[in-house]
Amino acid sequence: GDSVTQTEGLVTLTEGLPVMLNCTYQSTYSPFLFWYVQHLNEAPKLLLKSFTDNKRPEHQGFHATLHKSSSSFHLQKSSAQLSDSALYYCALSHSNNRIFFGDGTQLVVKP
Amino acid sequence: NAGVIQTPRHKVTGKGQEATLWCEPISGHSAVFWYRQTIVQGLEFLTYFRNQAPIDDSGMPKERFSAQMPNQSHSTLKIQSTQPQDSAVYLCASSLDSSVSNERLFFGHGTKLSVL
């Protein structure tokens, strides 16, 4: 079946350091991958999603590369900002099916 | 565009009472999803509708939970005989067309249900 694994429940780092949040998946199909972000007391919203033509999606300094060989879609940013502190969910979907979410990674960026 | 609207924002019920949660999807969106969010379980899928028809309710607890979408402008999630373990934030989301697999979800702010 389909599943998404986010190995880190909590990531804490200092402002200005690089960010990498892990996401691996299992799917019997060729899925689309997403990252959603949820700031405190807000609704989850889309951060970025994979493209059909294997372009690397980028948004607000974040990017992620879909590696089908390793079934991964890690989220990266070169320099963390205080405002990046939030809960990040990796998710997958494929045609005519529901969207599967990982357990989420809480990112805390400290001054 | 007001986004996905969920009411009430907070609901407190006593154990054994019924709770009904409401969701108004974005106008023109054909798919509506319900999720339950807790610290321990994260985002759990409950059910989804496309063009008002139930498509997948595999995440719904078999007893006490039911969902309906009587028209394209709202969906309800009903929990009968609420239990303390039902306490969670219930999130509704809509998308333009769920048959397109890379379609994004738009989430509401959720209803925080507290069962005393």
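Structure shown above.
Below is a summary of the structure that appears in this document. (Residues numbered from 1 in each chain as written. Chains lettered and ligands numbered in written order. Predicted model: local features only at pLDDT ≥ 70, side-chain atom pairs only at ≥ 80, totals over all residues. Heavy atoms only, no water.)

Describing the overall build of chain A
Here is step 1 of the chain: From N to C terminus, chain A includes zero helices and twelve strands.
Here is step 2 of the chain: In chain A, the order of α-helices and β-strands from amino to carboxyl end is β-β-β-β-β-β-β-β-β-β-β-β.
Here is step 3 of the chain: A compact globule built from 111 residues would reach a C-alpha radius of gyration of about 13 Å, and chain A, at 13 Å, matches this within 12%.
Here is step 4 of the chain: In terms of overall dimensions, chain A has a C-alpha envelope of 40 × 25 × 20 Å along the principal axes.
Here is step 5 of the chain: Considering chain A as a whole, with its 111 residues, one finds that 49% of them fall into the buried category.
Here is step 6 of the chain: Long-range contacts, defined here as pairs at least 24 residues apart, represent 57% of the contacts in chain A between residues at least 6 apart.
Here is step 7 of the chain: Within the structure as shown, chain A displays about 5500 Å² of accessible surface, and the carbon and sulfur contribution to it stands at 49%.
Here is step 8 of the chain: For chain A, the distance from the average position of its 8 positive side-chain charges to the average position of its 8 negative side-chain charges is 5 Å. (Helix = DSSP H or I, 4+ residues; strand = E, 2+ residues; numbered from the N terminus. Rg over C-alpha atoms; globule rule 2.2 N^0.38 Å. Buried < 20%, exposed > 50% of the residue type's maximum accessible area, 1.4 Å probe, protein only. Contact = heavy atoms within 4.5 Å. Areas by Shrake-Rupley, 256 points an atom, 1.4 Å probe, with all protein chains shown as cover. Lys, Arg positive; Asp, Glu negative; His and termini not counted. Charge placed at Lys NZ, Arg CZ, Asp CG, Glu CD.)

Considering the pairing of strand E4 (residues 31-38) of chain B
Regular strands show a simple pattern: their side chains alternate between the two faces of the sheet.
Residues and elements named next belong to chain B.
Here is step 1 of the chain: Across the eight residues of E4, seven count as buried, placing the element largely inside the fold.
Here is step 2 of the chain: Looking at chain direction, E4 and strand E5 (residues 42-50) are connected through eight bridges and run antiparallel. Looking at the pairing, Ala31 lines up with Arg50 of E5.
Here is step 3 of the chain: Where E4 hands over to E5, the hairpin turn is made up of three residues, counted between the paired strands.
Here is step 4 of the chain: Strand direction decides the pairing type here: E4 and strand E9 (residues 88-95), joined by seven bridges, are antiparallel. (Pairing = 2+ DSSP bridges.)

Concerning the interface of chain B and chain A
Here is step 1 of the chain: In this complex, chain B contributes 22 residues to the contact, which on the side of chain A involves 21 residues.
Here is step 2 of the chain: At the junction of chain B and chain A, the tally comes to zero salt bridges.
Here is step 3 of the chain: The interface formed by chain B and chain A holds four residue pairs in polar contact (both at pLDDT 80 or more) in total.
Here is step 4 of the chain: Among the elements of the structure, E4 and E5 of chain B are those that each provide at least two residues to the side of chain B that touches chain A. (Salt bridge = Lys/Arg side-chain N within 4 Å of Asp/Glu carboxyl O. Polar contact = N/O pair within 3.5 Å; in protein donor to acceptor, adjacent residues only side chain to side chain.)

Some points on the environment of B:Pro84
Residues and elements named next belong to chain B.
Here is step 1 of the chain: As for its position among the elements, Pro84 is in the loop between strand E8 (74-79) and E9.
Here is step 2 of the chain: According to the relative accessible area criterion, Pro84 is partly exposed, its value standing at 39%.
Here is step 3 of the chain: When the C-alpha atoms of Pro84 and Leu116 are compared, they prove to be 6.2 Å apart, with 32 residues separating the residues in sequence.
Here is step 4 of the chain: Excluding anything up to four places from it in sequence, Pro84 contacts Lys15 and Val115.

Digging into the packing of aromatic side chains
Here is step 1 of the chain: Taken as a whole and judged by the stated rule, the model has twelve aromatic pairs over all chains.
Here is step 2 of the chain: With a centroid separation of 5.2 Å and an interplanar angle of 90°, the aromatic rings of A:Phe101 and B:Tyr35 are classed as edge-to-face. With one member in each of two chains, A:Phe101 in strand E11 (residues 100-101) and B:Tyr35 in strand E4 form a pair that bridges those chains. For the residue pair A:Phe101 and B:Tyr35, the accessibility class agrees, reading buried in each case.
Here is step 3 of the chain: With a centroid separation of 6.0 Å and 50° between ring planes, the pair formed by B:Tyr35 and B:Phe107 is classed as tilted. Taken together, the residues B:Tyr35 in strand E4 and B:Phe107 in strand E10 (residues 106-107) connect sequence positions 72 residues apart. (Phe/Tyr/Trp six-rings, centres within 6.5 Å; stacked < 30°, edge-to-face > 60°.)

Things to note about the sheet that holds strand E7 (residues 65-71) of chain B
Residue and element names in this part refer to chain B.
Here is step 1 of the chain: Strand order in the open sheet formed by four strands is E1-E3-E8-E7, with antiparallel pairing between adjacent strands. Looking at the sheet topology across the chains shown, the edges are occupied by strand E1 (5-7) and E7. Averaged over all pairs of adjacent strands, the angle between strand axes in this sheet comes to 20°, irrespective of strand direction.
Here is step 2 of the chain: Both E1 and strand E3 (residues 19-24) contribute to a ladder of three bridges, which runs antiparallel. Opposite Ile5, over in E3, you have Glu24 as the bridge partner. (Axes fitted to C-alpha atoms, helices over the stretch in contact; angles between N-to-C directions.)

A closer look at the pairing of E7(B)
All names here are of chain B.
Here is step 1 of the chain: The sheet contact formed by E7 and E8 spans five bridges and is antiparallel. If you follow Ser66 over to E8, its bridge partner there is Lys78.
Here is step 2 of the chain: Where E7 folds back on E8, the antiparallel hairpin that results is connected by two residues.

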